[in-house]
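Here are the chains, one letter per residue:
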Amino acid sequence: MKRSVALRWTAGAATMIASAAIMVALPSPQAMAADNLSLSAGADGSSKASGTSYGNVKDGDPGTYWSPAGATGYVSVKWSSATTVSSAVLKLASGGGAISSWRMLNADSGAVLTSGSGTPSTISFASTALKKLTFEILAASAAPRIAEFETYNGGGSTPTTSPTATPSTSPTSGTGTPTGVWPSSAGNVSVSGTITVSGTFDGGMKTYCCIGDGSQSESQDPMFSIANGGTLQNVIIGSPAGDGVHCEGTCTIKNVWWNDIGEDAATFKGTGGGTSYVIGGGAKAGSDKTFQHNGNGTVSISGFYLSGSGKLYRACGNCSSSYQRNVKIDNVLLNDIDMVAGINTNWGDTATITRVTLTNSSSAVVCGQYKGVAKGSEPTYLGEGWNNANCKVTQSDITRK
């Protein structure tokens, strides 16, 4: 029997920050000269803990706050007409969790304006005209308390609603346009059983190896098991890797690289809804699926590189429980693959696919439609879908080289 090694990380410094009032920097002089645009805005979000309100983030009162129902979630400020915004100031109330990973989104287009780690204060991004701005918490030690979500327009570049992230050539940044350059290992870590991740696990770009037998057997243990709300980042996974990574609820997988996919790179098992994220990183040498979605909710894949595999993503078509599953794929580089995403249209699955580059994959299916079936049977392939209710992708979203 394989021995399970439970390694749990708790960010002591983050806990100290969370337990006291968080002092935040004032807006830049440019922003201070402007008005807080949130005061005239509306607000909504993903969920709210008991006794909190979305409107508390824009009421100008630091004594009130919004908190998500769990450790992750998002809150938005919104206007009735397009408003130009170039910075935000987040003020947190004491007693909440410490944020470890976040994104700022143009909710009109879904574009990521900027992202970061740690608890933010002043957040600057390219001046953008939009109706809705979203602050999304990807990982935190517990439910954070956002007292104020102030927004400012200090001028700057020409407003744009297109993605504004600057492409990065660094293979270990986890952001920007994927290049296919594989990262160098910072050392080796011997793994004898599943590593359980609670909170944030940062591997420091070391190679973790090995577990399992390298086969397609689904009975193998995973190398990493991420608890609900957890983050796995800056890891190279050696070969064999067993059943890869298991996300037990919602999770974030950031800048993780699989030297050999094995059975699956990662399996998303959570059934409580919400969104799991794959941000940056890459994988190679797979014979079937890369990301397997067995639970429900949404899997978001961005900035990822894949070489030599069957599918980037597959919504399970014959699991013991049937769910509607959704995937969002953006800004990925895929080499020598057969299919970008496979979904089950009879269960209402959706695939939203943008900015995909395919190399050595002239016959690759972009959005494969299946009829999901009960466990023990095989799903029926129905054909490729384009720009319909399930396959939200157009030919212009795909570049073939």
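The shown structure was predicted, so the numbers you read here are calculated from the model rather than taken from an experiment.

Engineer: Whenever I open this one, the overall build of the chain confuses me. Can you help?
Structural biologist: A count of helical and extended segments in the chain gives two helices and 25 strands. When burial is assessed residue by residue, the chain has 51% of its 401 residues classed as buried. Residue pairs in contact within the chain that sit at least 24 positions apart in sequence constitute 65% of those at least 6 positions apart.

Engineer: Help me understand the nonpolar core, please; the structure alone is not making it clear to me.
Structural biologist: Across soluble globular proteins, nonpolar side chains show a tendency to be buried alongside one another. Formed by 51 residues in total, the largest nonpolar core has its most connected members in F224, I253, W258, I301 and I353. Among all residues touching I253, those that are not within four sequence positions of it are I226, L232, V245, C247, W258, A266, F268, Y277, V278 and I279.

Engineer: How do you make sense of the state of the cysteines when you look at a structure like this?
Structural biologist: By definition, a disulfide links the sulfur atoms of two cysteine residues through a covalent bond. Inspection of the entire model under this criterion finds four disulfides. The side chain of C209 participates in a disulfide bridge whose partner is C210; the two sulfur atoms lie 1.4 Å from each other. Taking the torsion about the S-S bond as the criterion, the C209 to C210 disulfide, at about 60°, is right-handed. Residue pairing for C316: its cysteine sulfur links by disulfide to C319, the two sulfurs lying 2.0 Å apart. On the sign convention where negative means left-handed, the S-S torsion of about 110° between C316 and C319 marks this disulfide as right-handed. On the basis of relative accessibility, which here comes to 4%, the residue C316 falls in the buried class. Overall, the relative accessible area of 15% leaves C319 in the buried class.

Engineer: Would you explain unusual backbone geometry in this entry?
Structural biologist: Negative phi is the rule for most residues except glycine; trans is the rule for most peptide bonds. Here C209 and C210 are connected by a cis peptide whose omega angle stands at 5°. If you trace the backbone, C210 turns up in the loop between strand 9 (200-209) and strand 10 (224-226). Cis rather than trans, the peptide bond between S239 and P240 has omega equal to 5°. Following the sequence through the fold, P240 ends up in the loop between strand 11 (230-237) and strand 12 (245-247). One non-glycine residue, D336, adopts positive backbone phi at about 55°. Along the chain, D336 falls in strand 20 (residues 325-344). Under the relative-accessibility criterion, D336 is labelled partly exposed at 45%. Residue R355 is not a glycine yet carries a positive backbone phi of 50°. Turning to its location among the elements, R355 is positioned in strand 21 (residues 350-359). Overall, the relative accessible area of 41% leaves R355 in the partly exposed class.

Engineer: Would you mind showing me how to read the pairing of strand 20 here?
Structural biologist: Consecutive side chains along a regular strand alternate between the two faces of the sheet. Taking burial as the measure, the 20 residues of strand 20 include 16 buried ones, the bulk of the element. The pairing of strand 18 (residues 297-302) with strand 20 spans six bridges and is parallel. Following the sheet pairing, S302 is matched in strand 20 by D330. Where strand 19 (residues 305-315) meets strand 20, seven bridges bridge the pair, whose relative direction is parallel. Bridge assignment links S307 to a residue of strand 20, and that residue is N335.

Engineer: It is not clear to me how the pairing of strand 4 (residues 111-117) should be interpreted in this structure. Could you clarify?
Structural biologist: Summarising the sheet, strand 3 (residues 99-106) and strand 4 pair through six bridges and their orientation is antiparallel. From the neighbouring strand, M104 faces strand 4, where its bridge partner is T114. The antiparallel hairpin formed by strand 3 and strand 4 contains four residues in its connecting segment, where G110 sits at a positive phi of about 85°.

Engineer: Help me out: how do you make sense of the packing of aromatic side chains in this one?
Structural biologist: Each aromatic ring pair is characterised by the separation of its centres together with the angle its planes make. Summed over all chains, the structure comprises 12 aromatic pairs. Centroid distance F201 to Y208: 5.6 Å. Interplanar angle 70°. Geometry classified as edge-to-face. Residue class for F201 comes out buried when judged on its relative accessible area of 1%. Taken together, the ring pairs connect W258, F268, F291 and F304 into an aromatic cluster. If you follow K284 out to its NZ or CZ, it ends over the ring of W182, 4.3 Å from the centre. When the ring centre of Y370 is taken as origin, the NZ or CZ atom of R314, which lies over that ring, is 3.9 Å away.

Engineer: I keep staring at the confidence of the model for the chain and nothing clicks. Help me out?
Structural biologist: Low-pLDDT stretches of the model should not have their predicted coordinates read in fine detail. For the chain, per-residue confidence averages 84 on the pLDDT scale, and residues scoring 70 or more make up 84% of the total. In this model residues 1-34 is a low-confidence stretch, pLDDT under 50, and it forms 51 contacts with partners more than four residues away in sequence or in other chains. Long-range and interchain partners of residues 155-174, a stretch whose pLDDT sits below 50, account for 47 contacts in this model, where long-range means more than four residues apart.

Engineer: Would you mind going over the side chain of N56 with me for this structure?
Structural biologist: Secondary-structure assignment places N56 in the loop between strand 1 (42-45) and strand 2 (73-92). A polar contact of 2.9 Å, which involves the side chain of N56, links it to the backbone oxygen of Y65. Those residues in contact with N56 that sit more than four places away from it in its chain are D61, T64, Y65, W66, A147 and E148.

Engineer: Explanation requested: the pattern of salt bridges in the structure shown.
Structural biologist: Opposite charge on two side chains lets them pair, provided their charged atoms get close. In this structure the tally under the stated criterion is nine salt bridges. In this structure, K269 engages E248 in a salt bridge whose closest nitrogen and oxygen atoms are separated by 3.8 Å. Of the two residues, K269 sits in the loop between strand 14 (266-268) and strand 15 (275-279) while E248 sits in the loop between strand 12 and strand 13 (251-258), which places them 21 residues apart along the sequence. Taking the relative accessible area as the measure of exposure, K269 reaches 35% and is therefore partly exposed.

The rules we used
- Residues numbered from 1 in each chain as written.
- Predicted model: local features only at pLDDT ≥ 70, side-chain atom pairs only at ≥ 80, totals over all residues.
- Heavy atoms only, no water.
- Helix = DSSP H or I, 4+ residues; strand = E, 2+ residues; numbered from the N terminus.
- Buried < 20%, exposed > 50% of the residue type's maximum accessible area, 1.4 Å probe, protein only.
- Contact = heavy atoms within 4.5 Å.
- Core = buried A, V, L, I, M, F, W, Y, C linked by side-chain atoms within 4.5 Å.
- Disulfide = S-S within 2.5 Å.
- Pairing = 2+ DSSP bridges.
- Phe/Tyr/Trp six-rings, centres within 6.5 Å; stacked < 30°, edge-to-face > 60°.
- Lys NZ or Arg CZ within 6 Å of the ring centre and 35° of its normal.
- pLDDT = per-residue confidence, 0-100.
- Polar contact = N/O pair within 3.5 Å; in protein donor to acceptor, adjacent residues only side chain to side chain.
- Salt bridge = Lys/Arg side-chain N within 4 Å of Asp/Glu carboxyl O.

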